[in-house]
Amino acid sequence: MKDTKVKNLLAAEKKRQKSVINLVASENYVSDDVLKALGTETTNKYAEGYPGARYYGGNEVIDKIENLAIDRALKLFKLNPKKWGVNVQPHSGSPANIAVYQALVPQGGKIMGMSLAHGGHLTHGHGVSFSGKFWQQVPYGVSEKNEKIDYDELLKIAKKEKPDIVVTGYSAYPRKINFKKMREVADAAGAYLMVDMAHISGLIAGGQHPSPFTYADIVTTTTHKVLRGPRGGMIFARQDYGVGKKAPKTKKGKSVPTLFDQIQKSVFPGMQGGPHMNQIAALAVALKEADSASFKKYTEQVIKNTKTLSGELKKRGWRITSGGTDSHVFLMDVWKEGLTGKEASERLEKEGIIVNMNTIPYDTRSPFNPSGLRLGTAAETTRGKKEKDMIALAERIDKILRK
Ligand SMILES: *Cc1c(COP(=O)(O)O)cnc(C)c1O
């Protein structure tokens, strides 16, 4: 690389990543093949539109790449292409979610989503996000009693508020989600059910968490978390009108767009221009990698590592919210031991352990200096860490925080 300034910065970041222990729950390390695909000439190409229907010439190879990503995405999640379509063009998870609302929720309509403070994502209707400015959030949280989702409570909220869409799938919720119950919640309001599996799509692909596709109308995901692909997003949508919904009546001869058709239009031309084809090429690589026995083993190890790390911290007196985890992530209440989330994360960072501060359910502190830490093991498991390493790590974290 001729640009030495950038070259040095890239080298410095590579070195930084190698030198730290990374417990950021939303991060991972992609394979060399994924990295290689990202740095290719596909980044030069404009490909507005979809395979076979582009607004630019010269897309014969690009079409094959996008179709490959589509086929692999459907195969990985065991979907019948007659029943489900997938859009692999969203630039990331947030635009994927916005594209869904744009397609399915009328302006000013209601999005029922978990509040950010309880583990939801900004794009589930939070006021600082587009999703909360153009639509109205019907917030829900976890139960104060056990910090888990109380599905009966959600049913009550849905019946009362009649949201247009119900969103499940979270950024900081360590437990498995009961998608059947979430379907009942959506049905109680006649709403669509959107599953945002950004954090857990890798765990679902690896068979560690149940598949949401039986119950969901729409499934969105990022591609760079446990799934271990390049940064990006995908939207899966039914090739019909939603679970249990009939085709809307129209004047004779007019076909009604299915959910998938509506999503396609919403992504392009609705909110994006050209897709990032280098990202999509890298995604195709990652999807094949995820469709393997070794990836399944990886996800098993992620769960083992998270359970070990959280269990060992618990043994050393740290409160883990909801009492534990069934996934790649857990929340630790440090305020109970007299530390703020910010202090705790800064102390760990000084010792080369990267985490993020996070609110815990019913937090009494501000999100800028909350009571908790969010820890995840997806990245370190990619680097080959096992249970014994987690025990040693828990010991180190405990020592640093109690110093
Ligand atoms: C990470 C995440 C997103 C958004 O992803 P970006 O790629 O950062 O825009 C959306 N939903 C959930 C639940 C997430 O955890």
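Treat the numbers as computed from the prediction; the structure is a model and nothing was measured. (Residues numbered from 1 in each chain as written. Predicted model: local features only at pLDDT ≥ 70, side-chain atom pairs only at ≥ 80, totals over all residues. Heavy atoms only, no water.)

1. Details of the domain arrangement of the protein chain
Here is step 1 of the chain: According to the domain assignment, the protein chain contains domain 1 (33–290) and domain 2 (293–401).
Here is step 2 of the chain: For domain 1 versus domain 2, the separation of C-alpha centres amounts to 28 Å.
Here is step 3 of the chain: Both sides of the domain 1 and domain 2 interface together cover about 2300 Å² of buried area, and 54% of this is carbon and sulfur.
Here is step 4 of the chain: The interface formed by domain 1 and domain 2 contains 2 salt bridges.
Here is step 5 of the chain: For Arg175, the salt bridge goes to Asp326, with nearest N and O atoms at 2.9 Å.
Here is step 6 of the chain: In this structure, the connection of domain 1 to domain 2 is made through 17 residue pairs in polar contact (both at pLDDT 80 or more).
Here is step 7 of the chain: Those elements that place two or more of their residues in the side of domain 1 that touches domain 2 are α8 (201–205) and α10 (277–290).
Here is step 8 of the chain: The leading source of residues in the side of domain 1 that touches domain 2 is α8, at 3 residues.
Here is step 9 of the chain: Looking at the side of domain 1 that touches domain 2 residue by residue, the class counts come to 12 nonpolar, 9 polar and 7 charged. (Domains from an automatic or database assignment. Buried area = accessible area lost by both parts, 1.4 Å probe. Salt bridge = Lys/Arg side-chain N within 4 Å of Asp/Glu carboxyl O. Polar contact = N/O pair within 3.5 Å; in protein donor to acceptor, adjacent residues only side chain to side chain. Helix = DSSP H or I, 4+ residues; strand = E, 2+ residues; numbered from the N terminus. Nonpolar A, V, L, I, M, F, W, Y, C, P; charged D, E, K, R; others polar.)

2. Things to note about the site of the ligand
Here is step 1 of the chain: Among the 13 residues in the neighbourhood of the ligand, the closest are listed as Ser92, Ser94, Ser171, Asp196 and Lys225.
Here is step 2 of the chain: One nitrogen or oxygen atom from the side chain of Ser94 is found 2.7 Å from an oxygen atom belonging to the ligand.
Here is step 3 of the chain: Side-chain polar atom of Asp196 to a nitrogen atom of the ligand: 2.5 Å apart, as the coordinates give it.
Here is step 4 of the chain: Considering the ligand on its own, with 380 Å² of exposed area, one finds that the protein chains cover 86% of that surface.
Here is step 5 of the chain: Examining the composition of the shell around the ligand, we find that 3 residues originate from one element, helix α4 (residues 93–104), more than from any other.
Here is step 6 of the chain: Residues belonging to the shell around the ligand are distributed by class as follows: 2 nonpolar, 9 polar and 2 charged. (Near = heavy atom within 4 Å. Areas by Shrake-Rupley, 256 points an atom, 1.4 Å probe, with all protein chains shown as cover.)

3. Concerning the side chain of Thr221
Here is step 1 of the chain: With respect to the secondary-structure elements, Thr221 resides in strand β9 (residues 218–222).
Here is step 2 of the chain: The buried category is assigned to Thr221, whose relative accessible area is 1%.
Here is step 3 of the chain: Side chain to side chain, Thr221 and Ser201 meet in a polar contact 2.9 Å long.
Here is step 4 of the chain: Ignoring any residue separated from it by four or fewer positions in sequence, one finds Thr221 in contact with Met197, Ala198, Ser201, Gly232, Gly233, Met234 and Phe236. (Buried < 20%, exposed > 50% of the residue type's maximum accessible area, 1.4 Å probe, protein only. Contact = heavy atoms within 4.5 Å.)

4. Details of the environment of Lys307
Here is step 1 of the chain: Following the sequence through the fold, Lys307 ends up in helix α11 (residues 293–315).
Here is step 2 of the chain: For Lys307, a relative accessible area of 43% puts it in the partly exposed group.
Here is step 3 of the chain: Through-space distance from the C-alpha of Lys307 to that of His328 is 8.3 Å; in sequence the pair is 21 residues apart.
Here is step 4 of the chain: Not counting residues within four places of it along the chain, the set of residues in contact with Lys307 comprises Thr325 and Asp326.
Here is step 5 of the chain: A distance of 3.1 Å separates a polar atom in the side chain of Lys307 from the backbone oxygen of Thr325.

5. Some thoughts on the sheet that holds strand β4 (residues 84–87)
Here is step 1 of the chain: Ordered in space as β4-β10-β9-β8-β7-β5-β6, the 7 strands form an open sheet in which the pairing is mixed. On the outer flanks of this sheet lie β4 and β6 (136–140), each paired with one strand and no other. Put simply, the sheet's adjacent strands are angled 20° from each other on average, direction ignored.
Here is step 2 of the chain: Looking at chain direction, β4 and strand β10 (residues 233–238) are connected through 4 bridges and run antiparallel. The partner of Trp84 across the bridge, within β10, is Arg238. (Pairing = 2+ DSSP bridges. Axes fitted to C-alpha atoms, helices over the stretch in contact; angles between N-to-C directions.)

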